[in-house]
Amino acid sequence: MRAKGIKILSLLIILCLFVLTGCKERKTSQAAERKEQDNVVRIGITFDSFVIERWQRDRDVFVSAAQELGAEVNVQNANGDMEEQIAQIDYFIEKKMDVIVVVMVASDADPAGLVNAVQRAGRAGILVVAYDRLILNAGVDLYISFDNEEVGRLMGEHMSEHLGEGGDVLQICGPMADYNVPQVMTGFDKALKGSGLKIAFTEHAEGWLGETGFSVTGSYLAAREAPKGIMCGNDSIAGHAIRALSERRLAGKICVVGQDADLDACQRIVEGTQCMTVYKPVERLARRAAEMCAALAEGKETAVSETINDGTFDVPYERLEPVAVTKENMDEVITGKYHEEGDIYLNVSRP
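Let us look at the structure shown here. (Residues numbered from 1 in each chain as written. Predicted model: local features only at pLDDT ≥ 70, side-chain atom pairs only at ≥ 80, totals over all residues. Heavy atoms only, no water.)

### Overview of the overall build of the protein
Inclusion rule: Only DSSP runs of H or I covering at least 4 residues are called helices, and only runs of E covering at least 2 are called strands; the numbering of each starts at the N terminus. We call two residues in contact when some of their heavy atoms are within 4.5 Å.
Of regular secondary structure, the protein possesses 13 helices and 13 strands. Contacts in the protein between residues at least 24 apart in sequence constitute 75% of all its contacts with a sequence separation of at least 6.

Spelled out as structure tokens, the structure:
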């Protein structure tokens, strides 16, 4: 009887040790086992939407790089709908993907629902990667993005140098539901300290709606003196802000900054209506993400040395560096590498 009791106790201890090994190790092992069984890594990726120009490029590079590595990729588009994105994650779980990549919908419609979906994937032994946007409190297996505080710092630094005499700045950012936005704002604010520039008004473009740049800039100009600069959350917002400036013959007279290095933003920079943009080399980001997804699925080490706290968990963080782009370094950074010369200089002669 005593021997039987010892045997039961030993089994309980073994069971507890198994549980304490951690869910991440089990997920990696399960993904690797599935890969070994069918010899193909299966990746599901769900995008916020393709309204923003750069996401189309991210998609194309990611899929191409993953396929070069022998992986299969299932691409889904949530069209800015959080509930649809949650449904897509559940679809990937049902399809037993090895890795699910999430470009989070920039909405606070159902953050708990998204976290629950990520955790359902984890319980199914599927690895989850947050691409470019961190999913708060979810404990994803990897977060890969750019240094977003540095993005803001580059914007603020350029504006400080360009507007040395100081003055008011209008700030039109993306939605706070996008974790990158407060980071960019922090970097921008730090760069303005001691410059004499002050943020006179801040508005957020819900869902990254570019037209917010037009309406907010128009309303601001109708009520106040024109600002010295306009900080825009991305180049789409910047383009619409400049449209509002053009209606008042102010385009090119006010320093407008953005990010993403969209083609039309690069055109505006060489034409003189936008001061600068921040280039985030999405080809490098997408390719690196595809490589890391394949490695995770195969149970390999990814050599990620940094972590970032998502509010609850310390998440492995692969951080890439952004680059400031102006008329002066356009050809060095962008021309022929990200956009073609003929497209950038479509409306002006190349200097």
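### Description of helix α11 (residues 282-297)
An α-helical turn contains 3.6 residues, so any two residues separated by three or four positions project in the same direction. So the rule is basically this: Residue count minus one, scaled by 1.5 Å, sets the expected span of a helix. Each residue is placed in one exposure class: buried if its accessible area under a 1.4 Å probe, protein chains only, is under 20% of its type's maximum, exposed if it is over 50%, and partly exposed if it falls in between.
Taking 1.5 Å as the rise per residue, α11 with 16 residues should run 22 Å; its terminal C-alpha atoms sit 22 Å apart, in good agreement. Residues of α11 that are buried include every one of Val282, Leu285, Ala286, Ala289, Ala290, Met292, Cys293, Ala294, Ala295, Leu296 and Ala297, and no others.

### Considering helix α5 (residues 111-123)
Spanning 13 residues, α5 covers 19 Å between terminal C-alpha atoms, matching the ideal 18 Å at 1.5 Å per step. Along α5, the residues that are buried comprise Gly113, Leu114, Val115, Ala117, Val118, Ala121 and Gly122.

### A look at the pairing of strand β11 (residues 306-309)
What counts here: At least two bridges found by DSSP between two strands is the condition for calling them paired.
Two strands pair when backbone bridges link them, and β11 and strand β12 (residues 314-320) are joined in this way by four bridges, in the antiparallel orientation. What sits directly across from Asn309, in β12, is Asp314. Linking β11 to β12, which pair antiparallel, is a turn of four residues; within it Gly311 sits at a positive phi near 110 degrees.

### Concerning the pattern of salt bridges
To be explicit about the condition: When a carboxyl oxygen of Asp or Glu lies within 4 Å of a side-chain nitrogen of Lys or Arg, that pair is called a salt bridge.
Under the definition given, this model contains 23 salt bridges. Here Arg350 and Glu341 are joined by a salt bridge, their closest N and O atoms 2.8 Å apart. By relative accessible area, which is 37% here, Arg350 ends up partly exposed. Overall, Glu341 belongs to the partly exposed group, its relative accessible area being 38%. Overlapping salt bridges, with partners in common, bring together Asp147, Glu306, Arg319 and Glu321 in one network.

### What to know about the environment of Gln267
Its place among the elements puts Gln267 in helix α10 (residues 263-271). Residue Gln267 is classed as buried on the basis of its relative accessible area of 14%. Residues Gln267 and Ile344 lie 77 residues apart in sequence; the distance between their C-alpha atoms is 5.0 Å. The contact partners of Gln267, leaving out residues within four places of it in the chain, are Asp343, Ile344 and Leu346.

### Observations regarding the sheet that holds β11
The cut-off we apply is this: To define axes, lines are fitted to C-alpha atoms, for helices over the stretch in contact only, and angles between the resulting N-to-C directions are given on a 0 to 180 degree scale.
The mixed open sheet is built from seven strands, whose spatial order is β2-β1-β3-β4-β5-β12-β11. Every interior strand has two partners, whereas the edge strands, β2 (72-77) and β11, have only one. Across the sheet, the mean angle from the axis of one strand to that of its neighbour is 25 degrees, orientation sign disregarded. Summarising the sheet, strand β4 (residues 127-131) and strand β5 (residues 142-146) pair through three bridges and their orientation is parallel. Within the sheet, the bridge partner assigned to Ala130 lies in β5 and is Tyr143. Contacts between helix α4 (residues 82-94) and the sheet are confined to β1 (42-47), β2 and β3 (99-102), with β1 contributing the most and set at about 175 degrees to the helix.

### Some remarks on the packing of helix α6 (residues 148-162) against helix α7 (residues 180-192)
Put simply, the rule reads: Crossing handedness is defined as follows: a turn of the near helix away from the far one that is anticlockwise and smaller than a right angle gives a left-handed crossing, while the clockwise case is right-handed.
Axis separation between α6 and α7 bottoms out at 6 Å; the angle between their running directions is 35 degrees. In terms of crossing hand, the pair formed by α6 and α7 is right-handed. Two secondary-structure elements touch here, α6 through Asn148, Glu149, Val151, Gly152, Arg153, Met155, Gly156, Glu157, Met159 and Ser160 and α7 through Asn180, Gln183, Val184, Thr186, Gly187, Phe188, Lys190, Ala191 and Leu192.

### Quick notes on the sheet that holds strand β9 (residues 255-257)
The four strands are arranged β7-β6-β8-β9 in an open sheet whose pairing can be described as parallel. The open sheet terminates on both sides in strands that have one partner only, identified here as β7 (197-204) and β9. The mean angle between the axes of side-by-side strands here comes to 15 degrees, regardless of whether they run parallel or antiparallel. The strands touched by α7 are β6 (167-173), β7 and β8 (229-232); relative to β7, the strand with the most contacts, the crossing angle is about 165 degrees. Against the sheet, helix α8 (residues 212-223) engages β6, β7 and β8, with an angle of about 150 degrees to β6.

### Re the environment of Val129
Structurally, the position occupied by Val129 is in strand β4. Sequence separation between Val129 and Val99 is 30 residues; the distance between their C-alpha atoms is 7.3 Å. Contacts of Val129, omitting those with residues within four sequence positions, involve Val99, Ile100, Val101, Val102, Leu142, Ile144, Cys293 and Leu296.

### What about the packing of α4 against α5?
Note the following rule: Should an angle fall under 35 degrees it is called roughly parallel, over 145 degrees roughly antiparallel, and 65 to 115 degrees roughly perpendicular, with every other angle called oblique. Under this grouping Gly is polar, as are all residues other than the nonpolar Ala, Val, Leu, Ile, Met, Phe, Trp, Tyr, Cys and Pro and the charged Asp, Glu, Lys and Arg.
The N-to-C vectors of α4 and α5 enclose an angle of 5 degrees; their axes lie 10 Å apart at closest approach. Comparing the axis directions of α4 and α5 gives the class roughly parallel. Residue-level inspection shows Met82, Gln85, Ile86, Ile89, Asp90 and Ile93 of α4 in contact with α5, the latter providing Gly113, Leu114, Ala117, Arg120 and Ala121. Partitioned by chemical class, the residues of the contact of α4 with α5 number seven nonpolar, two polar and two charged.

### Brief notes about empty space enclosed by the protein
To keep it simple, the criterion reads: In the cavity and pocket records, a cavity denotes points on a 1 Å grid over the protein atoms alone where a 1.4 Å probe fits but cannot get out, a pocket denotes an open set with protein on both sides within 12 Å along at least 5 of 7 lines, and lining residues are residues with an atom within 4 Å of a point. Grid points are joined across faces, edges and corners, and a volume is the space filled by probe spheres set on the points.
Under the definition given, this model contains one cavity of 30 Å³ or more. Within this model, the largest cavity holds a volume of roughly 160 Å³. Asp178, Trp208, Gly233, Gln259 and Lys280 are the residues nearest the centre of the largest cavity, which is lined by 19 residues in total. Listed by contribution, the elements that provide at least two residues to the lining of the largest cavity are α3 (53-68) and α7. At three residues, α7 tops the list of elements feeding residues into the lining of the largest cavity.

### Section: the pairing of β1
Using the following cut-off: Here the term right-handed applies to a crossover when the path leading from its first strand over the helix to its second strand runs clockwise, the strands being oriented away from the viewer.
β1 sits mainly inside the fold: five of its six residues count as buried. Pairing of β1 with β2 involves six bridges; the strand directions are parallel. Bridging from a neighbouring strand, Ile43 pairs with Val73 of β2. On the question of chirality, the crossover connecting β1 to the parallel β2 by way of α3 is right-handed. Of the strand pairs in this sheet, β1 and β3 are connected by four bridges, and their pairing is parallel.

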